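Examination of the molecular architecture
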Number of protein chains: 2
Amino acid sequence: VREFDVIRAFSARFPAPPEAVIEPAGDDCAVVRLGGETWVAAADMLVSGRHFEDWAPPEDVGYKAVAANVSDVAAMGGIPRFVLVSGGAPDPEVVLRCMEGVLEACREFEVYPLGGDTTGADALVVDVAILGNLETEPILRSGARPGHLLAVTGELGASAAGLIALQAGGRKPARLVARHLRPRPRVAVGRAAARLGAGAMIDLSDGLASDVRHLCDRSGVGCRIDLDRLPVADDTRAYLLSRVREPRLVAATGGEDYELLLAAPEDVIGTIREETEVPLTVVGEVTPGSQPEFALGGRVVANLAGWDHF
Amino acid sequence: VREFDVIRAFSARFPAPPEAVIEPAGDDCAVVRLGGETWVAAADMLVSGRHFEDWAPPEDVGYKAVAANVSDVAAMGGIPRFVLVSGGAPDPEVVLRCMEGVLEACREFEVYPLGGDTTGADALVVDVAILGNLETEPILRSGARPGHLLAVTGELGASAAGLIALQAGGRKPARLVARHLRPRPRVAVGRAAARLGAGAMIDLSDGLASDVRHLCDRSGVGCRIDLDRLPVADDTRAYLLSRVREPRLVAATGGEDYELLLAAPEDVIGTIREETEVPLTVVGEVTPGSQPEFALGGRVVANLAGWDHF
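These remarks concern the structure in this document. In this text the structure is predicted, and so the values were computed from the model without any measurement. (Residues numbered from 1 in each chain as written. Chains lettered and ligands numbered in written order. Predicted model: local features only at pLDDT ≥ 70, side-chain atom pairs only at ≥ 80, totals over all residues. Heavy atoms only, no water.)

A separate point is empty space enclosed by the protein. Rolled over the atoms, a probe as big as a water molecule pinpoints where empty space is left. Evaluated as defined, the whole model comprises two cavities of 30 Å³ or more. As a volume, the largest cavity reaches approximately 100 Å³. The wall of the largest cavity is formed by 14 residues, among which A:Leu84, A:Leu131, B:Leu84, B:Ala129 and B:Leu131 lie closest to the centre. By residue class, the composition of the lining of the largest cavity is 14 nonpolar, no polar and no charged. (1 Å grid on protein atoms, 1.4 Å probe; cavity = no way out; pocket = protein on both sides within 12 Å on 5 of 7 lines; lining within 4 Å. Points joined across faces, edges and corners; volume = space filled by probe spheres on them. Nonpolar A, V, L, I, M, F, W, Y, C, P; charged D, E, K, R; others polar.)

Structure, rendered in structure tokens:
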């Protein structure tokens, strides 16, 4: 049983959703009518020994837990608004440090902490639930159509490169380590994409190879991704090569970049690009098939997969 | 640093609440305007080795995590509506069993699971965030006034007695064990109390001695509690005596009964009693002082305290 199997088994047993639920669990966020408005909701739990090790300062763990949730709201085209945060650790001081990071992220992303819980625990754990609201229709994973282009925001692989540095015991290259510990979700791009008519969107948390598969599965389509087109920054590439890694494959599988993957007609991609300062790179296209295909240097790469937290 | 100190230190650093926030963290739930409606929100995390041990089946842990949150909504006079649930364990099968209990509780309390997260973890942990809505003004902890009577719903001490049995390695007395593992929050009484004009309300999760102190602190009042009046069921009393415990003191400090404590004028207590089937027992009165006073057999009992999760 792997992580997605647990989620699938759990979701399949959900009761019938009440009328207020527009989109049940299974996308980046659920979508629900509250009052007269449309809201999105999600949760993410980070656990010591799984998502991070002793190299992660508790402040960064708290910050990242909020950022990961903000990214889920961004992937719906939503505006992050409120969080509830629960944290546990052996030492109350560590919980407090984690909560300091939570509050930094709350200020940074303009979300307000409605409350939460603190407790003792054998290892640091933090869970964040988020509420965001929508001023447009939500962008789901299921709206990709053959002919759409696939584009990613920002850059890929920097977070994974930072993780490799942290696991090796270093804090450098500092920019890459910061990309891993303090990701910057793409709220403005997500909102622009929703307003300008993107077909489908997902945030890149498990890694492009895994996340594009979710998007294809829910849209009932396939895709071709050209790994040579993935936006990998020079310092990421140089560091990964120095650690004997293939940069494009790390960028495709590394996870935790918290960039957005969009499927949209070519002209929509162009309009979104004009409206935002974040680079938007076309990396492939949606096909009528049922599987993602990845090519590297003109040759097909098989069995690319992302992250599993079990 | 103890649990409440962490929460206090954390809350003191919150940013200024946005206009939508009617009541920030610090009560059983926060209160917030979403769309044109008033909603309440809270979260509770249960951790292996702190809130339960190996004697707790994962299904019961999941069930109880939802029930504890439903109780927080009940204590505001709210209607529980949606939860987000994150769970972690070494074995995905254990997470699934925990989520089965979550879904049982969702059906039981008519809340819908909007989603959540699952992950590996070194020990079972589950965090539930809940949203409920209000059809009345929220009942806060801060509305107790001198002259109000203090009343509790249902019965006290049964959950603590069940815990003692579980810790001793038994599953009997079955009723008491069930009271500990599968608490029944008092949603209907909470709603009636809010509609009929109760002054203040809190749910009994940490234990009456500790929870009534929160209520007094936030209301700026004292109280007198007559421990001889606490509603302790016959089987609870008999079992506790057989384990050499003083039943009234266990009932006052044991925690996790998930009953409600209300402060209200005498006539309001009478009206609420007429409208619900759950017993409502007057156990004391609010005073102009600043501290709770507890009496047992006519003598003052000092230093009664509840539960600390660190």
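With that settled, the discussion passes to the sheet that holds strand E8 (residues 200-203) of chain B. All names here are of chain B. Taken in spatial order, the seven strands line up as E8-E10-E7-E11-E9-E12-E13 in an open sheet, and their pairing is mixed. On the outer flanks of this sheet lie E8 and strand E13 (299-301), each paired with one strand and no other. Across the sheet, the mean angle from the axis of one strand to that of its neighbour is 30 degrees, orientation sign disregarded. The pairing of strand E7 (residues 149-153) with strand E10 (residues 260-264) spans four bridges and is classified as antiparallel. Looking across to E10, one finds that Ala151 is bridged to Leu262. (Pairing = 2+ DSSP bridges. Helix = DSSP H or I, 4+ residues; strand = E, 2+ residues; numbered from the N terminus. Axes fitted to C-alpha atoms, helices over the stretch in contact; angles between N-to-C directions.)

On to unusual backbone geometry. Most peptide bonds are trans, and most residues other than glycine sit at a negative phi. Here the residue pair A:Lys172 and A:Pro173 is connected by a cis peptide bond, since its omega of 0 degrees sits within 30 degrees of zero. With respect to the secondary-structure elements, A:Pro173 resides in the loop between helix H4 (158-167) and helix H5 (174-181). Unusually for a residue other than glycine, A:Val244 sits at a positive phi of about 60 degrees. The backbone of B:Glu256 sits at a positive phi, close to 65 degrees, despite the residue not being glycine. You can see B:Glu256 is positioned in the loop between helix H9 (247-253) and E10.

All names here are of chain B. Overall, mixed pairing links the six strands, which are arranged E1-E2-E3-E6-E4-E5 in an open sheet. Taken across any chain shown, the strands that pair with only one partner, and hence form the sheet edges, are strand E1 (21-23) and strand E5 (112-120). On average, each strand axis in the sheet is inclined to that of its neighbour by 20 degrees, with strand direction left out of account. Summarising the sheet, strand E3 (residues 37-47) and strand E6 (residues 125-133) pair through nine bridges and their orientation is antiparallel. In the strand pairing of E6, Val40 is matched with Gly132. Across the face of the sheet, helix H3 (residues 92-109) comes into contact with strand E4 (79-89), E5 and E6 while running at roughly 175 degrees to E4. (Contact = heavy atoms within 4.5 Å.)

Scanning the model with the defined rule gives 40 salt bridges over all chains in all. We note a salt bridge from A:Lys64 to A:Glu256, for which the minimum N-O separation is 2.4 Å. One end of the pair, A:Lys64, is in helix H2 (residues 58-74); the other, A:Glu256, is in the loop between helix H9 (247-253) and strand E10 (260-264), with 192 residues separating them in the sequence. Judged by its relative accessible area of 8%, A:Lys64 falls in the buried class. With a relative accessible area of 10%, A:Glu256 lands in the buried category. With a closest N to O distance of 2.6 Å, B:Glu275 and B:Arg195 form a salt bridge. Taken together, the positions of B:Glu275 in helix H10 (residues 266-275) and B:Arg195 in helix H6 (residues 187-196) put the pair 80 residues apart, joining distant regions of the chain. The partly exposed category is assigned to B:Glu275, whose relative accessible area is 45%. The network of salt bridges with shared partners includes A:Glu155, A:Arg175, A:Arg179, A:Arg186, A:Asp235 and A:Glu259. (Salt bridge = Lys/Arg side-chain N within 4 Å of Asp/Glu carboxyl O. Buried < 20%, exposed > 50% of the residue type's maximum accessible area, 1.4 Å probe, protein only.)

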